[in-house]
Amino acid sequence: MFQTKVKSEVLKEVVDIVGTLVDEAKFSVGKEGIALKAVDPAHVAMVDLSLDKGAFEEYKADECELGIDIDKLKEVLKLARAGDIIGIKHDEEKNKLILNVGNITRRMSLVDTAGLSDPKVPNLDLPAKISIKVDELKQGIRASESVSDHLALISSPDGFEMFSEGDTDSVNLKLSKDLLEKLDCKEKVRSLFPLDYFSNIVKVISTPTTVTLSLGSDYPVKLEFNFADEKGSVTYLLAPRIESE
Amino acid sequence: MFQTKVKSEVLKEVVDIVGTLVDEAKFSVGKEGIALKAVDPAHVAMVDLSLDKGAFEEYKADECELGIDIDKLKEVLKLARAGDIIGIKHDEEKNKLILNVGNITRRMSLVDTAGLSDPKVPNLDLPAKISIKVDELKQGIRASESVSDHLALISSPDGFEMFSEGDTDSVNLKLSKDLLEKLDCKEKVRSLFPLDYFSNIVKVISTPTTVTLSLGSDYPVKLEFNFADEKGSVTYLLAPRIESE
Amino acid sequence: MFQTKVKSEVLKEVVDIVGTLVDEAKFSVGKEGIALKAVDPAHVAMVDLSLDKGAFEEYKADECELGIDIDKLKEVLKLARAGDIIGIKHDEEKNKLILNVGNITRRMSLVDTAGLSDPKVPNLDLPAKISIKVDELKQGIRASESVSDHLALISSPDGFEMFSEGDTDSVNLKLSKDLLEKLDCKEKVRSLFPLDYFSNIVKVISTPTTVTLSLGSDYPVKLEFNFADEKGSVTYLLAPRIESE
């Protein structure tokens, strides 16, 4: 059994967060909320999302797994205005998801969960931790985009830096410790990332929130933030590109 | 003789209503106003428009026929700001239309009316009549677009429904009698229409007005509404697609 | 030495004015301000710009020449918000331009000035002079665009006219003397210009300013205006197309 009502804004955040990496995803429904783990087709990035039942207007569920086509959710969300409540119900007999927006009913086929991956989130010990306003990350990405398709994230005890280098030009965003929300870093670390992936991940963070980055040297970056009034939490992992120098 | 002044907003509505079906049209000018009938090149939809001389700021005309390239009218309208008055005058000697917007004068060649069709509007006896807010129709169309390229319009004594069915998903908009402006329907009727045509027709209705649909089973739909402060009236007819089941 | 701070709005105007004709340009830096002359690759139009040091927030400079890729300046400007101050500094040792916006630093390679032209501005004696609001020019261009790819500029002792003629249609914008800011014209003159060039030049004039046109018969048009609170001045020259009749 799965029968809920949820604000369109909350569902839209889930869809944006997941949809930047995959087209289809396996939602694990439980009594206390839903959870989802997914890895992108190139195995470069991973998302781990959980949304507490408190984020829903109504929530009745037994444990089950639902394979959902993210684009179809987007189509339904386009029909909703701000403040609209979306009804979601699992028709177990026909194995369809029934969505309601206003006077509209969409009956949606589900994706076979057997074909959907269930990635293990690796346990990483990353030495540096930076809490930063998402708008700063977005500005650093925007600056890098015209210079290179890679981006180095660098942390030191003094501050945080985003650095991109092209054939002729380079660009960096430097934030000293006092411009960060929090900085926990004992020695300098640096990893290089594909800019498009990092950009796509950061772009989906719509609210002016704080993001926590965990960083090492030539290690993946972990990017964590909350959404839906702290009722939802997200962790992205993005693999580094090893610098050849 | 044809010499008028008209608010750009009114001319824009005429251009949108006609332009969704044809690129060129024969305007029948009379002493009491103008009228126009046109059928789209694929003979799927027809429009029948009339605009009373009261919709114009100034109107002096003898009976004549003017073949007009609708795209050229659009170009002139792009030069007008809200509230601008557009002068339109027929230069009979050179057979040109002279349009004025502010300090700009456009001299426009006319299209030979001999090549323009003059369709007969068929007399249809359609058993169901539904008056509905145009915004509801637009919402139903939006919902259908992601599912199918056809749309069934269904009326019953209880209400009105728009239904689309694709290979895996279906969507419907259901409005019970009390959500409609008016419903005059004794028994259930249903016809299927090409979604793109129905969408293009409904999209041109810019004001938040009420539309009257007349419907039968496997019959054309008639779509009527007024514009220009009730001084203009429009009837669209759209041919059904016969369902093969 | 070249070290300045400038409002992003002022730099944006310079970039728009120059960038409509060339991708790279040689900026002549002096103690009292900067200057620039450039001709487009097809040698149809020329720009002559000067910006007084008073237009800068800070200005320290010795005489030098800087070859700048205009697109790179555009990229930096995209990072600035309204009111942002942009720092510009020449790193002579590495021959790079260092730009600062907020916490972002862009190190930009310079273009070899040897490859950049240094056009001579011809001394023209043009008999007619018209001062006109730039919005009127823009409206005349918009009207012409749907009719032809040429535009005649016509001045007479009575007023100013923009005229375009296509195969079937023609359009003109007529402004009598009292609708112009100033008119100094003893006899009728007329020259024909490529509409795209004239349009691209007029489009970059962002502020609702007055433009002075100098005009002859089958002669280039000179287009002059000020920007940056009268601290910057621009002259465009555009070659005529000789009418074949």
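Residues numbered from 1 in each chain as written. Chains lettered and ligands numbered in written order. Predicted model: local features only at pLDDT ≥ 70, side-chain atom pairs only at ≥ 80, totals over all residues. Heavy atoms only, no water.

## Brief notes about the overall build of chain A
(1) Moving on: Looking only at helices and strands, chain A features four helices and 18 strands.
(2) Moving on: Whereas a compact globule of 245 residues would reach a radius of gyration of roughly 18 Å, chain A reaches 19 Å, a difference of no more than 12%.
(3) Moving on: Here chain A, with 245 residues, has 53% of them falling under the buried criterion.
(4) Moving on: A sequence separation of at least 24 residues applies to 67% of the contacts in chain A between residues at least 6 apart.
(5) Moving on: Separation of charge centres in chain A, based on 32 positive and 44 negative side chains, amounts to 5 Å. (Helix = DSSP H or I, 4+ residues; strand = E, 2+ residues; numbered from the N terminus. Rg over C-alpha atoms; globule rule 2.2 N^0.38 Å. Buried < 20%, exposed > 50% of the residue type's maximum accessible area, 1.4 Å probe, protein only. Contact = heavy atoms within 4.5 Å. Lys, Arg positive; Asp, Glu negative; His and termini not counted. Charge placed at Lys NZ, Arg CZ, Asp CG, Glu CD.)

## Quick word on the relation of the copies chain B and chain C
Two copies of one chain are present, and they are related through a rotation about an axis combined with an axial shift.
(1) Moving on: Mapping chain B onto chain C calls for a screw motion: a turn of 120° about the axis and a shift of 0.1 Å along it, with 0.0 Å RMSD after fitting. Look at the turn and shift together and you get a three-fold axis relating the two. (Least-squares fit on C-alpha atoms with pLDDT ≥ 70 in both.)

## Remarks on the interface of chain A and chain B
It is common to give the size of an interface as the accessible area lost on bringing the parts into contact.
(1) Moving on: Taken residue by residue, the interface counts 12 residues in chain A and 15 residues in chain B.
(2) Moving on: Between chain A and chain B the total buried area reaches about 1100 Å² when both faces are included, carbon and sulfur atoms providing 43% of it.
(3) Moving on: Of all residues in chain A, the largest losses of buried area upon contact with chain B belong to L79(A), N103(A) and I104(A), amounting jointly to 47% of the total for that side.
(4) Moving on: Put simply, chain A and chain B have two salt bridges between them.
(5) Moving on: Between R106(A) and D169(B) there is a salt bridge; the shortest N-O distance is 2.8 Å.
(6) Moving on: For the interface between chain A and chain B, the tally reads 11 residue pairs in polar contact (both at pLDDT 80 or more).
(7) Moving on: With six residues, strand β9 (residues 104–109) of chain A is the single largest residue contributor to the side of chain A that touches chain B. (Buried area = accessible area lost by both parts, 1.4 Å probe. Salt bridge = Lys/Arg side-chain N within 4 Å of Asp/Glu carboxyl O. Polar contact = N/O pair within 3.5 Å; in protein donor to acceptor, adjacent residues only side chain to side chain.)

## With respect to the packing of aromatic side chains
Residue and element names in this part refer to chain A.
(1) Moving on: Scanning the model with the defined rule gives nine aromatic pairs over all chains in all.
(2) Moving on: Taking 4.9 Å as the distance between ring centres and 55° as the angle between the ring planes, the aromatic pair formed by F56 and Y59 counts as tilted. Each of the two residues, F56 as well as Y59, counts as buried. (Phe/Tyr/Trp six-rings, centres within 6.5 Å; stacked < 30°, edge-to-face > 60°.)

## Details of the domain arrangement of chain A
Residues and elements named next belong to chain A.
(1) Moving on: Examined at the domain level, chain A breaks down into domain 1 (2–115) and domain 2 (128–238).
(2) Moving on: Counting residues at the interface gives 20 residues for domain 1 and 18 residues for domain 2.
(3) Moving on: Between domain 1 and domain 2 the total buried area reaches about 1500 Å² when both faces are included, carbon and sulfur atoms providing 61% of it.
(4) Moving on: Joining domain 1 to domain 2, the criterion identifies zero salt bridges.
(5) Moving on: Elements supplying a minimum of two residues to the side of domain 1 that touches domain 2: α1 (8–19) and β4 (45–52). (Domains from an automatic or database assignment.)

## Comments concerning the interface of chain B and chain C
(1) Moving on: Taken together, the contact between chain B and chain C spans 12 residues of the former and 15 residues of the latter.
(2) Moving on: Summing both sides of the interface, chain B and chain C together bury roughly 1100 Å²; the carbon and sulfur share of this comes to 44%.
(3) Moving on: Among the residues chain B hides against chain C, the three largest losses belong to L79(B), N103(B) and I104(B). Together they make up 48% of the total.
(4) Moving on: The interface formed by chain B and chain C includes two salt bridges.
(5) Moving on: A salt bridge links K72(B) to D169(C); the nearest nitrogen and oxygen atoms lie 2.9 Å apart.
(6) Moving on: Inspection of the chain B/chain C interface yields 11 residue pairs in polar contact (both at pLDDT 80 or more).
(7) Moving on: Put simply, the parts of the chain that give the side of chain B that touches chain C at least two residues each are α2 (70–78) and β9 (104–109) of chain B.
(8) Moving on: When residues in the side of chain B that touches chain C are grouped by element, the largest group, six residues, is from β9(B).
(9) Moving on: Split by residue class, the side of chain B that touches chain C holds three nonpolar, three polar and six charged.
(10) Moving on: Where β9(B) lies against strand β13 (residues 170–176) of chain C, four bridges are found, and the strand directions are antiparallel. (Nonpolar A, V, L, I, M, F, W, Y, C, P; charged D, E, K, R; others polar. Pairing = 2+ DSSP bridges.)

## What about the sheet that holds strand β18 (residues 232–238) of chain C?
Residues and elements named next belong to chain C.
(1) Moving on: A sheet is described by the order of its strands in space; here nine strands give the open sequence β6-β2-β3-β4-β18-β17-β16-β10-β14, paired in antiparallel fashion. With partners counted over all chains shown, the strands left at the sheet margins are β6 (64–69) and β14 (182–184), one partner each. Ignoring strand direction, the axes of neighbouring strands in this sheet form an average angle of 15°.
(2) Moving on: Here strand β2 (residues 24–30) pairs with strand β3 (residues 33–39) via four bridges, running antiparallel. Bridged to S28 within β3 is A35.
(3) Moving on: Each of β2 and β6 is contacted by helix α2 (residues 70–77), which is oriented at about 75° to β6, the strand it contacts most. (Axes fitted to C-alpha atoms, helices over the stretch in contact; angles between N-to-C directions.)

## Remarks on the environment of T168(B)
(1) Moving on: One can find T168(B) in the loop between β12 (159–165) and β13 (170–176).
(2) Moving on: Beyond its immediate stretch of four places on either side in the chain, T168(B) contacts K72(A), K96(A), R107(A) and S109(A).
(3) Moving on: Reaching out from T168(B), the side chain makes a polar contact with the side chain of K72(A) at a distance of 3.2 Å.
(4) Moving on: Engagement of the side chain of T168(B) in a polar contact is seen with the side chain of D169(B), the distance being 2.9 Å.

## A few points about the sheet that holds strand β10 (residues 128–133) of chain B
Residue and element names in this part refer to chain B.
(1) Moving on: One open sheet accounts for nine strands, arranged β6-β2-β3-β4-β18-β17-β16-β10-β14; its pairing is antiparallel. Each having just a single partner strand, β6 (64–69) and β14 (182–184) make up the two edges of the open sheet. Averaged over neighbouring strand pairs, the angle between their axes works out to 15° when direction is ignored.
(2) Moving on: Two strands pair when backbone bridges link them, and strand β4 (residues 45–52) and strand β18 (residues 232–238) are joined in this way by seven bridges, in the antiparallel orientation. Counted as the bridge partner of V47 is Y236 from β18.
(3) Moving on: Packed on one face of the sheet, helix α1 (residues 8–19) meets β2 (24–30), β3 (33–39), β4, β17 (221–227) and β18 and runs near 160° to β4.
(4) Moving on: Across the sheet, α2 is in contact with β2 and β6; its angle to β6 comes to roughly 75°.

## Comments concerning the packing of helix α3 (residues 134–145) of chain C against helix α4 (residues 195–203) of chain C
Residue and element names in this part refer to chain C.
(1) Moving on: With their axes 10 Å apart at the nearest point, α3 and α4 run at an angle of 145° to one another. Of the two elements, α3 crosses α4, and the hand of that crossing is left-handed. Of the residues in α4, those in contact with V134, L137, K138, I141, S144 and E145 of α3 are L195, F198, S199, V202 and K203.
(2) Moving on: In the contact of α3 with α4, the residues fall into six nonpolar, two polar and three charged. (Left-handed = near helix turned anticlockwise from the far one by under 90°.)

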